[in-house]
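# Architecture and fold: a report
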Amino acid sequence: MGQINLPQDNALMRAELPREGEFRNPSGCAISGMISTSGKRFSGEDIIRSISVMHDRSNGLGGGFAAYGIYPEYKDFYALHIFFDDSAAKHECEAFLERHFDIINLSKIPTRKSPAITDEPLIWRYFVTPLPTKLASSQLDEREFVARCVFRVNTRIKGCYVFSSGKNMGVFKAVGFPEDVGRFYRLEEYEGYAFTAHGRYPTNTPGWWGGAHPFALLDYSVVHNGEISSYDANRRSIEMHGYKCTLQTDTEVIAYIIDYLNRRKGLSMKEICSVIAAPFWQTIAQMPPEERAEAEYLRNAFSSYLITGPFSIIVGFEGGLMALNDRLKLRSMVVAERDDMVYISSEEAAIRVISPELDRLWYPEGGQGVIITVNGGDEKCR
Amino acid sequence: MKKINARDYQWQELNDVVRATTGDIELEGCLGERFIACGAADRKITISGVPGNALGAYLNGAEIECLQNVQDAVGDTMNSGRIIVRGSAGDALGYAMRGGSIYVQGDSGYRTGIHMKEYMEKRPVIVVGGSAGSFLGEYLAGGLIIVLGLGSDTFPAGGFTGTGMHGGEIWLRSDALPPVLPEQVCVTRVEADGISGIMPYLSDFSQLFDVPMSELTAKGFWRLTPNAKSPYKRLYTPN
């Protein structure tokens, strides 16, 4: 696909990488996700094994995971996962957190040293709840308050990046191949009811820890394979609502669009699919009247959030996953079921490695979101 | 017959091992290894497990038989030979294929036969037993695509079938009316007495997957050909 821009000041990296023409990467980006519809918690081992089958779809410049249901003992607190460039940045950030939150627990996120993962920032985790007085005086609802604090840290405090901010969930990401990233974060030691994963092949930005997928805000996370042609139009629209795109990475804007449409506008995940992968006018014209009216309304009312260009995404949210392809289906995606498990992946092989026998396997149509919730729960706005 | 366990190798090594052998082989336990049998000629390769993308790319006369599903871009630019899939296929099956044949027992994904072409005696053929995804035969320039819609009463292809088609033929076995088709496509109804031209391929499908001919001919076909007034034709032949 596009070129890979390497940091120009990193002489070591330049020296170690093969020159153009000496090496071919069969391209791609890979995504994978799995969820227990009964809410049973399972180890992160499976998602590491799944994404590792698609090793060659990424190039070592980013990998990451979102894990849901992993912090039941702190489920009422926001889990902030933060990268710090240095301890000065950490002190400044902690001072900010102490002014705005009650910090229930804080620790380094446990990692395992690996030659495959280098140059790691300081990686910390804070379980927090907004200070009641601060929250009351802000006149914001709790989630909005937390979201604004996340943007405040990410845009105002140099050397800090909050990359995960939901309850009872966490994002784990780094520069490296996804399976190495999973081992680095000891993901197999966590248990959750849903996981998503991403192997990155960056095409427009240098691979940096913060730019790895998933991108997350509150409990929403997005892993994405593709390239959004409408990025800047989407960015300009979403930034009018207080979101700040800090990374020039197209996936970031998808995470904010999902948050805006679901949390703030109250659209269901199904309606969100009709906004971001809206049917063509030509297709809408062929729909029965009631369906057509709804599709027309969503396309018109939220036209700035139509995402064009090739994509397959898996969105994680509290209690479920949503998988969606662009309406032309220019990226591959397979969904399969086995007992209470549902699997989503760029390639069937990455599902078969976990579950050789499947009850059902299908290829969702472009623009047709697949929404899976725990215990058939309602994914509508909360 | 020589057996190779794909799990013993990384995908590039596996392809080297396959190329280093001659004669017929069985590949077992495939799990996403790409480019298997790329450019292979004069041999039979039987595959179990799920092989990776671009299986049989540039195939040059070999026969590949897959016992389970296959992923994307199977038979990409294949030149001759035959690929048999005893399961379903992913997207872009037979992408830019220019000769040989592909038989799929189940369904195929989006863009089946995209950019297929023919030249003189080279005429690629794809036969899909189930249904095909949207953009079937997109930019079709030549060759034959047959979709049998077995086990389905709805039209056996998604939207935008034949978009940009300017050569070749698409046959869809169905009693259901086709959806709105692009203006580059002409549709004619062909009942069982008019299908002699595709009989050899139906007969092969019947034998390969043990489906009685009487079932294959129980419904009529929609035959899609390029519209002679197609803007695409004018685009490519201005004079």
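What you see is a predicted model, and the numbers here were worked out from it, not measured in a lab.

### A few points about the overall build of chain A
- When you go through chain A residue by residue, the secondary structure sums to 12 helices and 18 strands.
- For chain A, the C-alpha radius of gyration of 20 Å lies close to 21 Å, the compact-globule estimate for 382 residues.
- For chain A, the spread of C-alpha atoms along the principal axes amounts to about 60 × 60 × 40 Å.
- Across the 382 residues in chain A, those meeting the buried criterion constitute 51%.

### Regarding the overall build of chain B
- Looking only at helices and strands, chain B has four helices and 11 strands in total.
- Its C-alpha radius of gyration of 18 Å places chain B within 12% of the 18 Å reference for a compact globule of 239 residues.
- Taken along its principal axes, the extent of the C-alpha atoms in chain B is 55 × 45 × 30 Å.
- Evaluated residue by residue, chain B yields a buried proportion of 51% over its 239 residues.

### Points about the interface of chain B and chain A
- Contact residues are listed per partner, giving 18 residues for chain B and 17 residues for chain A.
- Considering only residue class, the side of chain B that touches chain A consists of five nonpolar, 10 polar and three charged.

### Considering the pairing of strand S1 (residues 2-5) of chain B
Residue and element names in this part refer to chain B.
- Where S1 meets strand S2 (residues 25-31), four bridges bridge the pair, whose relative direction is parallel. Looking at the pairing, Lys2 lines up with Ile25 of S2.
- Running through helix H1 (residues 11-20), the crossover from S1 to the neighbouring parallel element S2 is right-handed.

### Thoughts on the environment of Asp8 of chain B
- Take Asp8 of chain B: it is sitting in the loop between S1 and H1.
- Along the primary structure Asp8 of chain B and Gly29 of chain B are separated by 21 residues, whereas in three dimensions their C-alpha atoms are 9.3 Å apart.

### Description of the sheet that holds strand S1 (residues 30-36) of chain A
All names here are of chain A.
- Across the sheet, which stays open at both edges, the seven strands sit in the order S8-S3-S10-S1-S16-S15-S17 with antiparallel pairing between neighbours. The sheet terminates laterally at strand S8 (169-174) and strand S17 (360-362), the two strands that pair on one side only. Each strand axis lies, on average, 10 degrees off the axis of its neighbour in the sheet, ignoring direction.
- Two strands pair when backbone bridges link them, and S1 and strand S10 (residues 194-199) are joined in this way by six bridges, in the antiparallel orientation. Within S10, the position partnered with Ile31 by the bridge is His198.

### Let's talk about unusual backbone geometry
- Here His213 of chain A and Pro214 of chain A are connected by a cis peptide whose omega angle stands at 0 degrees.
- Of note, Pro214 of chain A is situated in the loop between S10 and strand S11 (215-217).
- The phi dihedral of Leu218 of chain A falls on the positive side, at around 50 degrees, and the residue is not glycine.
- Along the polypeptide, Leu218 of chain A turns up in the loop between S11 and strand S12 (220-226).
- Given 23 C-beta atoms within a 10 Å radius, Leu218 of chain A is considered buried.
- Phi is positive for Thr77 of chain B, close to 55 degrees, though the residue is something other than glycine.

### Points about the confidence of the model for chain A
- Counting all residues, the mean pLDDT for chain A is 90, and 90% of those residues have values of 70 or more.
- Long-range and interchain partners of residues 1-26 of chain A, a stretch whose pLDDT sits below 50, account for 17 contacts in this model, where long-range means more than four residues apart.

### Describing the environment of Ala285 of chain A
- Inspection of the secondary structure assignment puts Ala285 of chain A in the loop between helix H10 (281-284) and helix H11 (289-301).
- With 209 residues separating them along the chain, Ala285 of chain A and Asp76 of chain A place their C-alpha atoms 46 Å apart.

### Some points on the packing of helix H8 (residues 250-264) of chain A against helix H9 (residues 269-276) of chain A
All names here are of chain A.
- One way to put it is that H8 packs onto H9 with a least axis distance of 10 Å and a crossing angle of 130 degrees. In terms of orientation, H8 and H9 fall into the oblique class. Classified by chirality, the crossing of H9 by H8 is right-handed. Taking contact as the criterion, the partners of Ile257, Ile258, Leu261 and Asn262 in H8 are, on H9, Met269, Ile272, Val275 and Ile276.

### Quick word on the confidence of the model for chain B
- The pLDDT averaged across chain B works out to 94; a share of 96% of its residues lies at or above 70.
- In the model output, the complex is listed with pTM 0.92 alongside ipTM 0.92.

### Things to note about the sheet that holds strand S6 (residues 122-130) of chain A
Residues and elements named next belong to chain A.
- Spatial ordering of the open sheet is given by S5-S6-S4-S7, a layout of four strands whose pairing is antiparallel. Among the strands making up the open sheet, the edge pair consists of strand S5 (101-108) and strand S7 (160-164). Mean inter-strand twist for the sheet, computed between neighbouring axes without regard to direction, equals 30 degrees.
- Strand direction decides the pairing type here: strand S4 (residues 78-84) and S7, joined by four bridges, are antiparallel. Residue pairing for S7: Phe83 is matched across the bridge by Tyr161.
- Contacting S4, S5, S6 and S7, helix H3 (residues 87-100) runs over the sheet at an angle of about 10 degrees to S6.

### Thoughts on the environment of Thr112 of chain B
Residues and elements named next belong to chain B.
- With respect to the helices, strands and loops of the structure, Thr112 is situated in the loop between strand S6 (101-104) and strand S7 (125-128).
- Classification of Thr112 by C-beta neighbours within 10 Å gives buried; the count is 34.
- In this structure the C-alpha to C-alpha distance between Thr112 and Pro200, which are 88 residues apart in sequence, comes to 21 Å.
- The residues touching Thr112, leaving out its near neighbours within four places in the chain, are Leu93, Gly94, Ile126, Val128, Ala132, Gly133, Leu136 and Ile145.

### Focus on helix H7 (residues 231-239) of chain A
All names here are of chain A.
- Among the residues making up H7, those that are buried are Tyr231, Asn234, Arg235 and Ile238. In an axial view of H7, the angular spread of the buried residues amounts to 100 degrees, which keeps them on one side of the axis.
- If you follow the buried residues of H7, they end up packed against H8.

How each quantity is defined
Residues numbered from 1 in each chain as written. Chains lettered and ligands numbered in written order. Predicted model: local features only at pLDDT ≥ 70, side-chain atom pairs only at ≥ 80, totals over all residues. Helix = DSSP H or I, 4+ residues; strand = E, 2+ residues; numbered from the N terminus. Rg over C-alpha atoms; globule rule 2.2 N^0.38 Å. Buried ≥ 20, exposed ≤ 12 C-beta atoms within 10 Å, placed from the backbone. Contact = placed C-beta atoms within 7 Å. Nonpolar A, V, L, I, M, F, W, Y, C, P; charged D, E, K, R; others polar. Pairing = 2+ DSSP bridges. Right-handed = clockwise from strand over helix to strand, strands pointing away. Axes fitted to C-alpha atoms, helices over the stretch in contact; angles between N-to-C directions. pLDDT = per-residue confidence, 0-100. Parallel < 35°, antiparallel > 145°, perpendicular 65-115°, else oblique. Left-handed = near helix turned anticlockwise from the far one by under 90°. Arc of directions from axis to C-beta.

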